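A structural walkthrough
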Amino acid sequence: MALENNIELLDDYVANRLSATDKAAFEQQLQADPQLKNEVQIQQRIAEGIRQARIAELKTMLGNVPVAGLTGGQMSGFAKVAVGTITAAAIAVVGYFVLKQDESVETKPSAATEVNPETVTTVPQEAKTEQEAEVTEESTSPSRKTKEPAKPNKTNKAEPRKDEKVATRPSINAFDPSVDSGESSSKTDDAAQAVIENSSPVSSSKIVAEVDNTNKKYKFHYYLKANKVTLYGDFERSLYEIIEVFNNEKRTAFLFFHNNYYLMNEEGDKIKPLSPISDPVLIKKLDAYRAQKN
Amino acid sequence: MNEKEIFERICKGDEKALEFLYKKYYRMMTKLVITNSGTEEEARDIYQDALIVFWQKATSGNLVLTSKISTYIYSICQNLWRKELDRKKRLSNEEKDTAVSLDTETAERDKIILKCIEQLGETCKKVLMYYYFDEMSMQEIADKLGFANTDTAKTKKYKCKMKLDELVKAQYSEQDFLD
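The shown structure was predicted, so the numbers you read here are calculated from the model rather than taken from an experiment.

This paragraph deals with the overall build of chain B. Looking only at helices and strands, chain B has 9 helices and 0 strands in total. Shown N-terminal to C-terminal, the secondary structure of chain B runs as helices and strands in the order α-α-α-α-α-α-α-α-α. The buried share of chain B, taken over its 179 residues, is 45%. Counting only contacts in chain B whose residues sit at least 6 apart along the sequence, the fraction spanning at least 24 positions is 62%. For chain B, the exposed surface amounts to about 9300 Å²; the carbon and sulfur share of it is 50%.

What follows is the structure, given as structure tokens:
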């Protein structure tokens, strides 16, 4: 049988593109044609070489994806994430005390001393899943946790160590409650403001943030569900922070990004656009927490 | 990106979606190996291999997902790591010598083929890889590489393959390929 006639068939065979029937028929043909059989062997080696080259290419591509290692700090990006996380946690802590102070500045100026130490857990950029939770050994103390795979904050002075770091900070000393005491806390009817007015800490809460910058439909949106928020858009270019405020076990989450604050609402179970908070009183307060922190 | 979107994009050969997936499950999958007497390097290697197996099955249209993506990849990792542990165990026994000599011979031959592939242009490499490894359809190849139609993709693939055959055969006699 002329080899030329079989080139296409041979190629389809080598490339696994024949149907089961055609494949069987071709293999029968192979048995009767040693020349064809030899050519198939050669072609299979070449095809295998192409496959190996593609595997190597894909592996190189994956090897260049920044991920956080488990035992070594291979990615400088991760260290930066840790910084961002600590910043966000600190804001959450300071935020709480400022808010608390607004509410009770006259009666309980030392409210801060009643609060337990804060525990911050950092996670790499991938989101945790239930399955991951099963194989994960880390656990943190029952205080509030803030998780955020944020991008670097280069001005932050906190010293990032390695991935999977657990940092414990006592949280209270840095804050002087008197700073914000001049603020009136009930000037606005903004719903978010109302929540903030009555905020109080709740233990065992956490928000894992994940960025999806590949969705064409959602360019500046979020989806908050339980302890996970997905931010749709180009959030990885600069620092973003998740701020949690607790009010009788009800959590209110804010996003700080590019000098704007955004309220993130969990209701409705759908992806929602992010619109900046415009209430000047609320903004001023949130700004004050950040200024206080930095 | 939800599961369905990720899977659909991977089926279409979207490498960004693969990177996304890689990041997403990195800790979960590498932990499996690390907690089963593997190093982090081995863990990364196994996870990458597993993802590539998943990728190949998805792009070639040979995968119908009946579980979560993570469950599927996790099971590939488990299998690959089990195999690797078996291989290590075998190597520590007596079979070492034959295995090594066979490996060297094949590796040498593969190396020369890889060198020939490297001599091809970037588009040629891509066409052949998409065709033989990703097993994409001609339409998908045309879309990904911006060819006018499937005929152009087909012709390109044919010419590139001929070129590679020439390069490889210039390095070998036919006998070299036959065991």
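Now, onward.
This model, assessed by the stated rule, comprises 11 aromatic pairs over all chains. Both rings, one in phenylalanine 7 of chain B and one in phenylalanine 54 of chain B, keep their centres 6.2 Å apart while their planes meet at 40°; by these two values the pair is tilted. On the criterion of sequence distance, the pair formed by phenylalanine 7 of chain B in helix 1 (residues 3–11) and phenylalanine 54 of chain B in helix 3 (residues 40–59) is long-range, its members being 47 residues apart. Taking the relative accessible area as the measure of exposure, phenylalanine 7 of chain B reaches 16% and is therefore buried. Geometrically, the ring pair formed by tyrosine 22 of chain B and tyrosine 47 of chain B is stacked, given 5.1 Å between the ring centres and 10° between the ring planes. On the criterion of sequence distance, the pair formed by tyrosine 22 of chain B in helix 2 (residues 15–34) and tyrosine 47 of chain B in helix 3 is long-range, its members being 25 residues apart. The exposure class assigned to tyrosine 22 of chain B is buried, which follows from its relative accessible area of 1%. Three or more aromatic residues link up through ring pairs in this structure, and these residues are Phe220, Phe257 and Tyr262 of chain A. Its guanidinium or amino end placed over the ring of tyrosine 131 of chain B, arginine 17 of chain A lies 3.8 Å from that ring's centre, counting from NZ or CZ. Positioned above the aromatic ring of tyrosine 131 of chain B, the side-chain terminus of lysine 157 of chain B is 4.4 Å from the ring centre.

This part takes up the sheet that holds strand 5 (residues 228–233) of chain A. Residue and element names in this part refer to chain A. Spatially, 3-5-4-9 is the arrangement adopted by the 4 strands of the open sheet, whose pairing is mixed. Two strands lie at the open edges of the sheet, namely strand 3 (208–212) and strand 9 (272–273), each paired on one side alone. Relative to strand 9, strand 4 (residues 220–225) is paired through 2 bridges, and the arrangement is antiparallel. Its bridge partner being in strand 9, tyrosine 222 is matched across the sheet by lysine 272.

To continue, consider the state of the cysteines. What is meant by a disulfide is a covalent connection between two cysteines, made through their sulfur atoms. Residues and elements named next belong to chain B. Considering all chains together, one arrives at 1 disulfide over all chains under this definition. Covalently, cysteine 124 is tied to cysteine 160 through a disulfide, its sulfur atoms 2.0 Å apart. A torsion of -80° about the S-S bond marks the disulfide between cysteine 124 and cysteine 160 as left-handed. Pair noted here: cysteine 124 is in helix 6 (residues 122–132) and cysteine 160 is in helix 8 (residues 150–171), with a separation of 36 residues, a long-range link.

In terms of nonpolar packing, the biggest core is built from 38 residues, with Ile10, Leu21, Tyr47, Leu51, Phe54 and Ile73 of chain B touching the most fellow members. At the level of secondary structure, the elements contributing two or more residues to this core comprise helix 3 (34–63) of chain A together with helix 1, helix 2, helix 3 and helix 4 (69–92) of chain B. Contact partners of tyrosine 47 of chain B, with chain neighbours within four places excluded, come to Leu21, Tyr22, Tyr25, Tyr26, Met29, Thr30, Ile73 and Cys77 of chain B. One finds Leu10 and Phe26 of chain A together with Leu120 and Ile141 of chain B within the second-largest nonpolar core, a separate group that totals 36 residues.

A few words now on the environment of aspartate 165 of chain B. For aspartate 165 of chain B, the location among the structural elements is in helix 8. A distance of 3.1 Å separates a polar atom in the side chain of aspartate 165 of chain B from a polar atom in the side chain of glutamine 43 of chain A.

What follows covers the pairing of strand 3 of chain A. It is a general feature of regular strands that their side chains alternate between the two faces of the sheet. Residues and elements named next belong to chain A. Within strand 3, 5 of the 5 residues are buried, which leaves it mostly tucked inside the rest of the structure. The side-chain alternation of strand 3 yields two buried faces, one formed by Val208, Glu210 and Asp212 and the other by Ala209 and Val211. Strand direction decides the pairing type here: strand 3 and strand 5, joined by 5 bridges, are parallel. By the bridge assignment, valine 208 is partnered in strand 5 with lysine 228.

Attention now moves to the confidence of the model for chain A. All names here are of chain A. On average, chain A scores 63 in pLDDT, and the residues at 70 or more come to 47%. No element of chain A has a lower mean pLDDT than strand 1 (residues 118–121), at 33, and none a higher one than helix 3, at 92. This model gives residues 71–83 a pLDDT under 50, and the stretch forms 38 contacts once residues within four places in sequence are excluded.

This brings us to the packing of helix 6 of chain B against helix 7 (residues 138–145) of chain B. All names here are of chain B. In the contact formed by helix 6 and helix 7, the axes pass within 10 Å of each other and the chain directions differ by 150°. On the basis of the axis angle, helix 6 is roughly antiparallel to helix 7. Crossing angle aside, the handedness with which helix 6 passes helix 7 is right-handed. Contact with helix 6, carried on its side by Thr123, Lys126, Val127, Tyr130 and Tyr131, involves Met138, Ile141, Lys144 and Leu145 of helix 7 and no other residues of that element. Across the contact of helix 6 with helix 7, the residue classes break down as 6 nonpolar, 1 polar and 2 charged.

For the rest of this paragraph, the subject is the pattern of salt bridges. By the definition in use, this model includes 18 salt bridges over all chains. In this structure, the salt-bridge partner of aspartate 11 of chain A is lysine 157 of chain B, at a minimum N-O distance of 2.1 Å. Separated into two different chains, aspartate 11 of chain A in helix 1 (residues 3–14) and lysine 157 of chain B in helix 8 make up a pair that spans both. A salt bridge links aspartate 134 of chain B to arginine 54 of chain A, with the nearest nitrogen and oxygen atoms 2.8 Å apart. Note that aspartate 134 of chain B is positioned in the loop between helix 6 and helix 7 and arginine 54 of chain A in helix 3, a pairing that runs across two chains. The same class applies to aspartate 134 of chain B and to arginine 54 of chain A, which are both buried.

Parameters at a glance
Residues numbered from 1 in each chain as written. Chains lettered and ligands numbered in written order. Predicted model: local features only at pLDDT ≥ 70, side-chain atom pairs only at ≥ 80, totals over all residues. Heavy atoms only, no water. Helix = DSSP H or I, 4+ residues; strand = E, 2+ residues; numbered from the N terminus. Buried < 20%, exposed > 50% of the residue type's maximum accessible area, 1.4 Å probe, protein only. Contact = heavy atoms within 4.5 Å. Areas by Shrake-Rupley, 256 points an atom, 1.4 Å probe, with all protein chains shown as cover. Phe/Tyr/Trp six-rings, centres within 6.5 Å; stacked < 30°, edge-to-face > 60°. Lys NZ or Arg CZ within 6 Å of the ring centre and 35° of its normal. Pairing = 2+ DSSP bridges. Disulfide = S-S within 2.5 Å. Core = buried A, V, L, I, M, F, W, Y, C linked by side-chain atoms within 4.5 Å. Polar contact = N/O pair within 3.5 Å; in protein donor to acceptor, adjacent residues only side chain to side chain. pLDDT = per-residue confidence, 0-100. Axes fitted to C-alpha atoms, helices over the stretch in contact; angles between N-to-C directions. Parallel < 35°, antiparallel > 145°, perpendicular 65-115°, else oblique. Left-handed = near helix turned anticlockwise from the far one by under 90°. Nonpolar A, V, L, I, M, F, W, Y, C, P; charged D, E, K, R; others polar. Salt bridge = Lys/Arg side-chain N within 4 Å of Asp/Glu carboxyl O.

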